[in-house]
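A closer look at the structure
In case you want the letters, here they are:
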Amino acid sequence: MRQQTFLPELLSSLRGYTLPKFTRDLSAGLTVGVVALPLALAFGIASIPENVASEAGLSPPVMGLFTAIVAGFLISALGGTRACIGGPTGAFVVIVYAIAAQHGYLGLVLATLMAGMILVIMGVVGLGGMIKFIPYPVTTGFTTGIAVVIFAGQIKDLFGLSPVNPADSVPPEFIGKVQWYFTHATTVDPPTAIMGLGCVAALIVFPKLVTRKIPAPVVVMVVATVAAVLLRKFAGVPIETIGDRFGAIPSGLPMPRLPDASFAEIRARVPDLIVPAFTIAILAGIESLLCAVVADGMTGTKHKSNTELIAQGVANLATPLFGGIPATGAIARTATNIQAGGRTPIAGITHAMVLLAIVLALGKYAALIPLAALSAVLVVVAYRMAELHRFRWLLNGPRSDAAVLLTTFALTVLIDLTVAVQAGLVLAAMLFIKRMAEVSGVNVVSAQNGSSGAPSDADAAQGKLDGVEIYEVQGPFFFGAAFKLRDTLDAVARPPKTLVLSLASVPAIDATGLYALEELLRKCANQGTRVIVAGARADVRRALLSAGLLGKLGEDGFAPDARLALEMLRAEASAGKT
């Protein structure tokens, strides 16, 4: 087995690094850095309530921008992939907003730090390969649910809706949002709505009809910003901008710091943040490894999943120190990076440096971007996140998977992502247990016709001795098979003289199976029935040995297979032992 290494891909990618490779990475980093700017601003606005951002002394768009810079640099520098781009993503919008609204800025910082530590631990202990086993209906359900919630959150700024009473803010929950929008539908601002819908149309049409080489969000942001400035200056039409609502964009990164809080306050908050922290960590792990798989498929490389988790953890430990929010691998930005020629982490590091340069040199101009244009970007992001064709495909699949999908989706939209993920995983686990129980079974090998599910045992049953019964367990010997074995044996009217239990088709046995087998041995001992276990595989035999069951069977209580067990019994009968 190859020894596991946590060395970042940056180190290995620098071997044989050439000037042409650097030129391509630099060009890709510049491209994706410009693309990331509007997304970082938009995700910050969508993720953080204004009152929570004020606790940090920052504004929501700035928090998203700082996250893209810090996390983007660390994920590329320390990660286990060559082309992935890290930063704030749409997948985090719902959970971050809920944590921030419920627990405040301190709660969000603590939950993010805890999630970072969880991710590092997951990577160190080698859980990178486990996350891929989370069922597809669960991930699709909460991803589509997140997309719906993101879309719902953009209606106000997209159409310029305004409350009659300034204190009448948009409710955080989905149903409340929908009701609020219907109540305030008459307050639509026509210029804002025209700009917002025009930006949505441009984002969809521009790549199809004009070019994909120039990122559509960049073109839309520039045109919308110029249009908003001109409309305000020459027509007196004020379309709300980032600066109008949130103030100026700082011209540099803040010094790293933690919120002012006593140890007693932090200790009191931690228990309530354990579940949100695990939700952030699991979501970051899923999203980052999906991003890594997409990058592998596009570049032909192979990522180091555990190294990637460690890098994600370090990034989420660092971003709160700079006023940032949770971050992970961003699939759309990663695809943009690869399409632009990025092939090593240098491109991701360049993308972070480009964002920092924009903050240092052009931050004041970013404040002129209209909020309607940023909402349009998020509307298109939500539409692409939803992957409605995959949602419909799962709905047409097995009813059990459709039930998991709809449950996870509904809970994400109507309650929150934390509950949705928990419920989805529990439902998926229950369905997995049910399916495992269905594929496990106990067959009685008939003495009359020698039929059973396994040819070897069927052949062994031919000419079977009187008073000898053969039972064959098929599939994993878990609790489902254990109960089936118990029911099968209870149905036997007269206990046999010898019971041969074939485990040749059992790949694994759990504690419930061991307990059922122990009960079987005890019951047979009371009835005077001898038990011979036949054909147990090496792993199963080790489990029987560690549970002390082989000792209870005795030296002649085990046989390599059912045929040899019968031959042994025939030999004993011929010698007059039975």
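The paragraphs below set out a description of the structure included in this document. For clarity, every value in this text was computed on a predicted model and none was experimentally measured.

Let's shift gears to the overall build of the protein chain. Within the protein chain one finds 25 helices and 7 strands. Expressed as lengths along the three principal axes of its C-alpha atoms, the size of the protein chain is roughly 110 × 60 × 55 Å. When the 578 residues of the protein chain are sorted by exposure, 52% land in the buried category. The contacts of the protein chain with a sequence gap of at least 6 include a subset with a gap of at least 24, amounting to 82%. Accessible surface computed for the protein chain: about 26200 Å², of which carbon and sulfur atoms make up 64%. Both charge centroids of the protein chain, one from 43 positive and one from 36 negative side chains, sit 7 Å from each other.

Further remarks concern the packing of aromatic side chains. Scanning all chains against the criterion turns up 2 aromatic pairs. A centroid spacing of 5.3 Å and a plane angle of 65° characterise the contact between Phe391 and Phe409, whose relative ring orientation is edge-to-face. Of this pair, Phe391 sits in helix α17 (residues 388-395) while Phe409 is found in helix α18 (residues 399-414), placing the two residues 18 residues apart along the sequence. Residue Phe391 is classed as buried on the basis of its relative accessible area, which comes to 11%. A cation sits over an aromatic face here: Lys177 above Tyr97, 5.9 Å from the ring centre. Over the face of the ring belonging to Phe558 we find Arg541, whose NZ or CZ atom lies 3.7 Å from the ring centre.

As a further point, take a nonpolar patch on the surface. On the surface, Ile121, Val124, Val125, Leu127, Met130 and Phe133 cluster together into a nonpolar patch covering about 600 Å² of accessible area. Checked against the element boundaries, Val125 lands in the loop between α5 (93-124) and α6 (136-153). Under the relative-accessibility criterion, Val125 is labelled exposed at 56%.

This part is about the pairing of strand β5 (residues 498-505). Look at any regular strand and the pattern is simple: side chains alternate between the two faces of the sheet. Among the 8 residues in β5, 6 count as buried, and that is most of the element. The pairing of strand β4 (residues 468-474) with β5 spans 6 bridges and is classified as parallel. Paired with Tyr471 across the bridge in β5 is Leu501. Between the parallel pair β5 and strand β6 (residues 530-534), the chain is carried across by helix α22 (residues 511-527), and the sense of this crossover is right-handed.

Taking 1.5 Å of rise per residue, 22 residues should cover 32 Å, yet helix α15 (residues 345-366) covers just 27 Å from first to last C-alpha, more than 12% shy of that figure. For α15, the principal kink sits at Leu360 and spans about 65°.

Below, the discussion takes up unusual backbone geometry. Positive phi values are uncommon outside glycine, yet Glu387 reaches one of about 45°. Judged by relative accessible area, Glu387 falls into the partly exposed class, the value being 34%.

This brings us to the pattern of salt bridges. Per the counting criterion, the structure on display carries 11 salt bridges. Note that Lys304 and Glu9 form a salt bridge whose closest N and O atoms lie 3.4 Å from each other. Taken together, the residues Lys304 in the loop between α12 (263-299) and α13 (305-318) and Glu9 in helix α1 (residues 9-13) connect sequence positions 295 residues apart. Residue Glu9 is classed as buried on the basis of its relative accessible area, which comes to 7%.

What counts, and where the lines are drawn
- Residues numbered from 1 in each chain as written.
- Predicted model: local features only at pLDDT ≥ 70, side-chain atom pairs only at ≥ 80, totals over all residues.
- Heavy atoms only, no water.
- Helix = DSSP H or I, 4+ residues; strand = E, 2+ residues; numbered from the N terminus.
- Buried < 20%, exposed > 50% of the residue type's maximum accessible area, 1.4 Å probe, protein only.
- Contact = heavy atoms within 4.5 Å.
- Areas by Shrake-Rupley, 256 points an atom, 1.4 Å probe, with all protein chains shown as cover.
- Lys, Arg positive; Asp, Glu negative; His and termini not counted.
- Charge placed at Lys NZ, Arg CZ, Asp CG, Glu CD.
- Phe/Tyr/Trp six-rings, centres within 6.5 Å; stacked < 30°, edge-to-face > 60°.
- Lys NZ or Arg CZ within 6 Å of the ring centre and 35° of its normal.
- Patch = residues over 30% accessible without salt bridge, like charges linked within 9 Å, V, L, I, M, F, W, Y side chains within 5 Å.
- Salt bridge = Lys/Arg side-chain N within 4 Å of Asp/Glu carboxyl O.
- Pairing = 2+ DSSP bridges.
- Right-handed = clockwise from strand over helix to strand, strands pointing away.
- Expected span 1.5 Å × (residues − 1).
- Bend = angle between axes of the 7 residues up to and from the residue.

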